[in-house]
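Listed below, chain by chain, are the residues.
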Amino acid sequence: MSRITEVFLKKSNNVLNVYCTAGYPELNSTLTVMQALQNHGADLIELGMPYSDPLADGPIIQESSSIALQNGMTIQVLFEQLKDCRNTIHVPIILMGYMNPILQYGFEAFCQKAVEVGVDGLILPDLPEYEFETMYGAMIKKYGLDFIFLITPETSETRIKKLDALSSGFLYAVSSSATTGNDKNFAEVEKYLQNLQQMHLKNPIMVGFGIKDHATFIAACKYCNGAIIGSAYIKALSGSVDIETGTENFLQNIIK
Amino acid sequence: MITEKTQNQSFTHPDANGYFGMFGGAYIPEMLHRNVEELRSRYLDIMQEKSFVKEYNQLLRDYVGRPSPLFLAERLSAQFKTNIYLKREDLNHTGAHKINNAIGQVLLAQCLGKKRIIAETGAGQHGVATATVCALKGLECIVYMGVKDIERQAPNVARMQMLGAKVVPATSGSQTLKDATNEAIRDWINHPNDTHYVIGSVVGPHPYPDMVARFQSIISEETRWQLKEKTGSELPTHVIACVGGGSNAAGAFYHFLEDTAVQLIAVEAAGHGINSGMSAATTQLGKPGILHGSKSLVMQTIDGQVVEPHSISAGLDYPGIGPLHAHLYKTGRATFLSATDEEALKAAFEVSKLEGIIPALETAHAFAALHQMHFKPTDVIVICLSGRGDKDLSTYMQAMEINA
């Protein structure tokens, strides 16, 4: 059983997945940030691999990616940083990134190395299901990595079922059809989440995009298993003097 | 040498999943799926509807001024001791081939019930073309343009604004065409219902490369019958076109792709020189990768970060190339040459003095390639004169000052 699945067995509500960008704010702060997230209540860590053209991300995460790239972050450097992470990090680690840097690294080599350093799952927003089914899915499964597809309020019911069948670990429900960090009235997505809950999908559902405080976190968790926080945390990190206190203050405010 | 053409596969059409050989596809986040899928499932049917065909052809004729002439450039021909014909896309309304696609896509967007049109632009030609058609059709138009390009291309920014479009500066990343494209894609993600994204080149996720090539294919469709009238044969020996993303080349090659006797020459921008670090010659410098939703050749670092190209012409200043062209390159169906900034400038002045036609800087690259080739007196060469040079006058004026 994967480490991600274990989390949902132990805890079926209010699961908190926090996104951070590898190599941000400093090249070597990746593990410090992960440690702080684990210390202060993150159940899962989504680690973003920075890319020059991150289509599915909003301005805040893109900015953190640019800084991480300027800092010198690459997939190779990241794997080096993560090589002993399992001595201290016990929560599941999900790598989030775009296809192009992974293709240059070598897709299979990437999966192999990811497992070797202790990564549990992948979120690759620009890997569509056709290419997943025909080319890459087999390699991901071969190395025992979970693969998490995104769904949106625009995704049809048939397609949700298909993406649920292809996913393992959890399903990532985008709360509004928008790039990350977009401010929308949360109430309008409640119905969408309610509908998802009633579909009784195989995977737990984590909702992301637009969650920034305790109220939005609780609202998101009402109809699904937990929530993903990205832009709001990056914003908090950029404004805090040290990573530990910044993370502590931020997460206390979310979990309460 | 042609190595990868199989019996059933044409060069012209991608497979059902949008692949030209190994290039193409639709590498898009789920947030774009519904929009792209709606387009994919309907574009071919709409493009074949009688009412659509009628309106498209009528606008091309009465508004754009098609067919664009095929002109025998006698003095240029004499210089290269061969027969050179110019396909005059520069005479189109708005001054370039871009309008062919803009009209097609805006009409298609109307058929899909879209009320809001977005576009990206580099030099501003595609932005102006899209703003023009939106004005004609009374549709809201938003054009994303890199901050640096807004500074470099002030007259085109003013033209778009005069046409009623809103020009939104793309401030992320390198602040040029690639980032304007990212911003336009994000806008589309944030407006999943009422918006159509008019991509200006044969790039992007399937069905864009095929759809844009179809809208530009009017160039070679006309060339065939025009050549027949003038020479008695529909087929030239060579077709030459410049390539950034590759829309004018796709249009100029389209109806000759399966006639393998016709040599297709694509000319990329070498910038300061292929190995100068300041170039946009994607087939020479790129590797297979994914950019803006399709797998193609992409200029990138060893770690897979997309790099900022350089060309004196903003229209060729793009780190990728359409998947059709990547396939033509890989299979050898087209020959890829390149011209430096300096060679392009020289060619622009040469054509201006020999033929009384000031070409766009992009097109000047196609002319520059003439100097790298050898022709027989019996050869028939078609050069796609993709745009006029009015927009490049300040660059040409600088060049004249330097050489004065």
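Residues numbered from 1 in each chain as written. Chains lettered and ligands numbered in written order. Predicted model: local features only at pLDDT ≥ 70, side-chain atom pairs only at ≥ 80, totals over all residues. Heavy atoms only, no water.

## Structural notes on helix α14 (residues 341–355) of chain B
In an α-helix, one full turn covers 3.6 residues, which means residues spaced three or four apart are oriented alike. Residues and elements named next belong to chain B. Across its 15 residues, α14 extends 21 Å between first and last C-alpha, which sits within 8% of the 21 Å expected from 1.5 Å per residue. What α14 keeps buried is the set Asp341, Ala344, Leu345, Ala347, Ala348, Glu350, Val351, Ser352, Leu354 and Glu355. Those residues of α14 that are buried are in contact with β3 (70–72), α3 (74–80), β10 (263–271), β13 (334–340), α15 (361–368) and α16 (393–403). Two residues or fewer past α14, Gly356 is found with a positive phi of approximately 70°. (Helix = DSSP H or I, 4+ residues; strand = E, 2+ residues; numbered from the N terminus. Expected span 1.5 Å × (residues − 1). Buried < 20%, exposed > 50% of the residue type's maximum accessible area, 1.4 Å probe, protein only. Contact = heavy atoms within 4.5 Å.)

## Some details on the interface of chain A and chain B
With 37 residues of chain A at the interface, the matching set in chain B holds 35 residues. Carbon and sulfur atoms supply 49% of the area that chain A and chain B bury against each other, a total of about 2900 Å² over both sides. The largest contributions to the chain A side of the interface with chain B come from Leu55(A), Gln104(A) and Glu154(A), which together make up 22% of the buried area. At the boundary of chain A with chain B, the tally comes to three salt bridges. Across the pair Asp53(A) and Lys178(B) runs a salt bridge, and its minimum N-O distance is 3.0 Å. (Buried area = accessible area lost by both parts, 1.4 Å probe. Salt bridge = Lys/Arg side-chain N within 4 Å of Asp/Glu carboxyl O.)

## Structural notes on the side chain of Ser247(B)
All names here are of chain B. Looking at where Ser247 falls in the secondary structure, it is placed in helix α11 (residues 247–253). The class for Ser247 is buried, based on a relative accessible area of 3%. Within the structure, Ser247 has its side chain in polar contact with the side chain of His97 (distance 2.8 Å). For Ser247, the side chain forms a polar contact with the side chain of Lys98, separated by 3.3 Å. The contact partners of Ser247, leaving out residues within four places of it in the chain, are His97, Lys98, Gly200, Ser201, Val202, Val212 and Gln216. (Polar contact = N/O pair within 3.5 Å; in protein donor to acceptor, adjacent residues only side chain to side chain.)

## Let's talk about unusual backbone geometry
Omega for the bond connecting Tyr24(A) with Pro25(A) falls within 30 degrees of zero, at 0°, which places this linkage in the cis form. In this fold, Pro25(A) is placed in the loop between β1 (15–21) and α2 (30–39). The omega angle of the peptide bond from His206(B) to Pro207(B) is 15°, so this bond is cis rather than trans. Looking at where Pro207(B) falls in the secondary structure, it is placed in the loop between β8 (195–198) and α9 (208–216). The phi angle at His200(A) is positive, at roughly 45°, despite the residue not being glycine. Examined against the element boundaries, His200(A) turns out to sit in the loop between α9 (187–198) and β8 (205–208).

## Here's the deal with the sheet that holds β8(B)
Residues and elements named next belong to chain B. The parallel open sheet is built from four strands, whose spatial order is β7-β6-β5-β8. One side of each edge strand has no neighbouring strand; the edge strands of this open sheet are β7 (166–170) and β8. For this sheet, the mean angle separating the axes of adjacent strands, direction not counted, is 25°. For strand β6 (residues 140–146) and β7, the ladder comprises five bridges, and the chain directions are parallel. Opposite Ile142, over in β7, you have Lys166 as the bridge partner. Of the strands in this sheet, β5 (116–121) and β8 touch helix α4 (residues 98–111), which is tilted by about 165° from β8. Seen against the sheet, helix α8 (residues 177–190) touches β5, β6, β7 and β8 and runs at an angle of roughly 160° to β5. (Pairing = 2+ DSSP bridges. Axes fitted to C-alpha atoms, helices over the stretch in contact; angles between N-to-C directions.)

## Quick notes on the packing of aromatic side chains
Under the definition given, this model contains 18 aromatic pairs over all chains. Between Tyr197(B) and Tyr208(B) the ring centres are 6.3 Å apart and the planes differ by 55°, which places this aromatic pair in the tilted class. A residue pair is termed long-range when its members are at least 10 positions apart, and Tyr197(B) in strand β8 and Tyr208(B) in helix α9 qualify at 11 residues. Of the two residues, Tyr197(B) and Tyr208(B), neither departs from the other in class, the shared state being buried. Cluster of aromatic residues (ring-pair linked, three or more members): Phe79(A), Tyr105(A) and Phe110(A). (Phe/Tyr/Trp six-rings, centres within 6.5 Å; stacked < 30°, edge-to-face > 60°.)

## Digging into the domain arrangement of chain B
All names here are of chain B. For chain B, the domain assignment lists domain 1 (27–59 + 98–211) and domain 2 (65–96 + 217–403). Taken over C-alpha atoms, the centre of domain 1 sits 23 Å from the centre of domain 2. A buried area of about 2400 Å², summed over both sides, lies between domain 1 and domain 2, and 59% of it is on carbon and sulfur atoms. Among the residues domain 1 hides against domain 2, the three largest losses belong to Tyr27, Lys178 and Val202. Together they make up 25% of the total. The tally of links between domain 1 and domain 2 comes to zero salt bridges. Inspection of the domain 1/domain 2 interface yields 12 residue pairs in polar contact (both at pLDDT 80 or more). Mapped onto the side of domain 1 that touches domain 2, the elements with two or more residues apiece are α4, α5 (125–137), α7 (154–162), α8 and α9. A per-element tally of the side of domain 1 that touches domain 2 places α8 first, with five residues. Of the residues assigned to the side of domain 1 that touches domain 2, the class counts are 12 nonpolar, 13 polar and five charged. (Domains from an automatic or database assignment. Nonpolar A, V, L, I, M, F, W, Y, C, P; charged D, E, K, R; others polar.)

## Points about α15(B)
The buried fraction of α15(B) amounts to eight of the eight residues, a majority that puts the element mostly inside the structure. Every buried residue belonging to α15(B) is among Leu361(B), Glu362(B), Thr363(B), Ala364(B), His365(B), Ala366(B), Phe367(B) and Ala368(B), and all of these are buried.

## Notes on the layout of surface pockets
Empty space among the atoms can be located by rolling a probe the size of a water molecule over them. All names here are of chain B. Reported here for the largest pocket is a volume of approximately 410 Å³. If you trace the largest pocket, you find 25 residues lining it, with Arg152, Gln153, Ile312, Ala314 and Thr395 closest to the centre. When residues of the lining of the largest pocket are traced back to their parent elements, those giving at least two are α6 (147–152), α7, α15 and α16. A domain-level breakdown of the lining of the largest pocket finds at least three residues from each of domain 1 (27–59 + 98–211) and domain 2 (65–96 + 217–403). (1 Å grid on protein atoms, 1.4 Å probe; cavity = no way out; pocket = protein on both sides within 12 Å on 5 of 7 lines; lining within 4 Å. Points joined across faces, edges and corners; volume = space filled by probe spheres on them.)

## What to know about the pattern of salt bridges
For the coordinates displayed, the defined rule picks out 29 salt bridges over all chains. Between Lys142(A) and Glu108(A) there is a salt bridge; the shortest N-O distance is 2.6 Å. Note that Lys142(A) is positioned in helix α7 (residues 129–142) and Glu108(A) in helix α6 (residues 107–117), a separation of 34 residues in sequence. By relative accessible area, Glu108(A) is classed as partly exposed at 29%. The residue Glu154(A) makes a salt bridge to Arg34(B) at a minimum N-O spacing of 3.2 Å. Here Arg34(B) lies in helix α1 (residues 33–48) and Glu154(A) lies in the loop between β6 (150–151) and α8 (157–166), a pairing that spans two chains. By sharing partners, the salt bridges in this structure join Glu129(A), Glu133(A), Arg159(A), Lys162(A) and Glu30(B) into a single network.

## Some thoughts on the sheet that holds strand β4 (residues 83–88) of chain B
Residues and elements named next belong to chain B. Judged by pairing direction, the sheet is mixed, and its six strands sit side by side in the order β3-β4-β14-β9-β10-β13 without closing on themselves. Two strands lie at the open edges of the sheet, namely β3 and β13, each paired on one side alone. The average undirected angle you get between the axes of adjacent strands in this sheet is 25°. Bridge count for β4 against strand β14 (residues 380–385) is six bridges, and the pairing is parallel. The residue of β14 that forms the bridge with Arg88 is Leu385. Taken strand by strand, helix α10 (residues 218–231) contacts β3, β4 and β14, and its axis lies near 140° from that of β4.

## Focus: the pairing of β10(B)
Residue and element names in this part refer to chain B. The element β10 is largely enclosed, with a buried count of eight among its nine residues. As paired elements, strand β9 (residues 238–242) and β10 share five bridges and run parallel to each other. Note that in β10 the partner of Val239 across the bridge is Leu264. The handedness of the β9 to β10 crossover, carried by α11, is right-handed. (Right-handed = clockwise from strand over helix to strand, strands pointing away.)

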